[in-house]
Amino acid sequence: MLTVDFTRFPLAAGDRVLDLGCGAGRHAFECYRRGARVVALDRNAEEIREVAKWFAAMKEAGEAPEGATATAMEGDALNLPFPDDSFDVVIISEVMEHIPDDKGVLAEMVRVLRPGGRIAITVPRYGPEKVCWTLSDAYHEVEGGHIRIYKADQLLARIREAGLKPYGTHHAHALHSPYWWLKCAFGVDNDKALPVRAYHKLLVWDIMKKPLATRVAEQLLNPVVGKSFVAYATKPHLPKAEA
């Protein structure tokens, strides 16, 4: 399940891509399939080991084009182990709401992104996320949990302050908002509640089968209750005199 829309965020074979806070690797895998040279970075060593295994399996299965590369590594988003201008593309999906120093993370992403490069940032959307916080303290008051809810204009202001130029936004995963509302209402650790189990089965069916009816429904509902807010931006080229 991808949050970044690659029709709005085009990727070319050979692009150097950093998936920052990659988690289970969903965006990194898609970039690898598209022929990119991918680095998937996360501070969670266990998840990085799993991502590395999937990269190896994809290579063995011939899922990645010739020339594509993939590396999974443990690292700190506030102290990236890369030189300036190392990447053509940076993706950070559902990460910034966890990090106290979000300005520091943005500064590091801008540093390693080449001039003219592109960045995709996704965070939980304010409205659906606010419902979750209202229904359940346990949803966000956990170690490593969500520490803030971004409003769209607030995130875009952060992006501009970091020196990036936003060029597009949208919402995603409307069908997932009710699932999390149910989880928060019945207990975030209670997967046995009938409404939660039933809705989870619906989501799994939708992800696996991709029926037209739910695809159309989600497209219609995304502007209203989309779970994620997605922003795309570029790093401007330096003026010739400054360069």
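Residues numbered from 1 in each chain as written. Predicted model: local features only at pLDDT ≥ 70, side-chain atom pairs only at ≥ 80, totals over all residues. Heavy atoms only, no water.

## A few points about the overall build of the protein chain
Step number 1: The number of helices and strands found in the protein chain is eight helices and seven strands.
Step number 2: Relative to a compact globule of 243 residues, whose C-alpha radius of gyration would be 18 Å, the protein chain shows 18 Å and is just as compact.
Step number 3: Along the three orthogonal principal directions, the C-alpha set of the protein chain runs to about 60 × 45 × 35 Å.
Step number 4: Across the protein chain, the fraction of contacts at a sequence separation of at least 24, relative to all contacts at a separation of at least 6, is 76%. (Helix = DSSP H or I, 4+ residues; strand = E, 2+ residues; numbered from the N terminus. Rg over C-alpha atoms; globule rule 2.2 N^0.38 Å. Contact = heavy atoms within 4.5 Å.)

## Quick look at the pairing of strand β4 (residues 87-93)
Step number 1: Of all the seven residues making up β4, seven are buried; the element is thus mostly covered by neighbouring parts of the structure.
Step number 2: Where strand β1 (residues 16-20) meets β4, four bridges bridge the pair, whose relative direction is parallel. Across the sheet, the residue bridging to aspartate 19 is isoleucine 91, located in β4.
Step number 3: Direction of pairing for β4 relative to strand β5 (residues 113-124): parallel, over a ladder of six bridges. Its bridge partner being in β5, valine 90 is matched across the sheet by isoleucine 119.
Step number 4: As for the winding sense of the linkage, the β-α-β connection from β4 through helix α3 (residues 102-112) to β5 is right-handed. (Buried < 20%, exposed > 50% of the residue type's maximum accessible area, 1.4 Å probe, protein only. Pairing = 2+ DSSP bridges. Right-handed = clockwise from strand over helix to strand, strands pointing away.)

## Quick look at the UniProt feature "domain: Methyltransferase type" (unreviewed entry) in the protein chain
Step number 1: UniProt records the feature "domain: Methyltransferase type" (unreviewed entry) for residues 18-121 in the present numbering.
Step number 2: Annotated as 34% helix and 30% strand, the span residues 18-121 places its first and last C-alpha atoms 12 Å apart. (UniProt positions renumbered as here; feature names shortened; annotations may be inferred.)

## Here we look at the nonpolar core
Step number 1: Core analysis: the biggest nonpolar cluster contains 30 residues, and Leu18, Leu20, Met96, Met109 and Ile121 have the highest contact counts within it.
Step number 2: Looking at this core, the elements that each hand over two or more residues are β1, β2 (37-42), β4, α3, β5, α5 (152-161) and β7 (228-234). (Core = buried A, V, L, I, M, F, W, Y, C linked by side-chain atoms within 4.5 Å.)

## Here we look at the sheet that holds strand β6 (residues 165-172)
Step number 1: Pairing is mixed in the open sheet, where seven strands are placed in the order β3-β2-β1-β4-β5-β7-β6. A single partner strand is all that each edge strand has here, and the edge strands are β3 (69-74) and β6. Recorded for the sheet is a direction-independent mean angle of 15° between the axes of neighbouring strands.
Step number 2: As paired elements, β5 and β7 share seven bridges and run antiparallel to each other. Pairing of alanine 120 across the sheet is with tyrosine 232, part of β7.
Step number 3: Here α5 sits on the sheet and contacts β5, β6 and β7; the angle it forms with β7, its principal contact strand, is near 25°. (Axes fitted to C-alpha atoms, helices over the stretch in contact; angles between N-to-C directions.)

## A word on the pattern of salt bridges
Step number 1: In the structure shown here, the tally under the stated rule is 17 salt bridges.
Step number 2: Ionic contacts of the salt-bridge type, sharing partners, join the residues Glu30, Arg33, Arg34 and Glu63 into one network. (Salt bridge = Lys/Arg side-chain N within 4 Å of Asp/Glu carboxyl O.)

## Here's the deal with the packing of helix α1 (residues 26-33) against helix α2 (residues 45-60)
Step number 1: Orientation of α1 relative to α2, taken along the N-to-C sense of each, is 25°, at an axis distance of 11 Å. By the criterion of interaxial angle, the relationship of α1 to α2 is roughly parallel. Here the hand of the crossing between α1 and α2 comes out right-handed. Every residue of α2 that contacts α1 at Ala28, Phe29, Tyr32 and Arg33 is listed here: Val51, Trp54, Phe55, Met58 and Lys59.
Step number 2: Taken together, the residues of the contact of α1 with α2 break down into seven nonpolar, no polar and two charged. (Parallel < 35°, antiparallel > 145°, perpendicular 65-115°, else oblique. Left-handed = near helix turned anticlockwise from the far one by under 90°. Nonpolar A, V, L, I, M, F, W, Y, C, P; charged D, E, K, R; others polar.)

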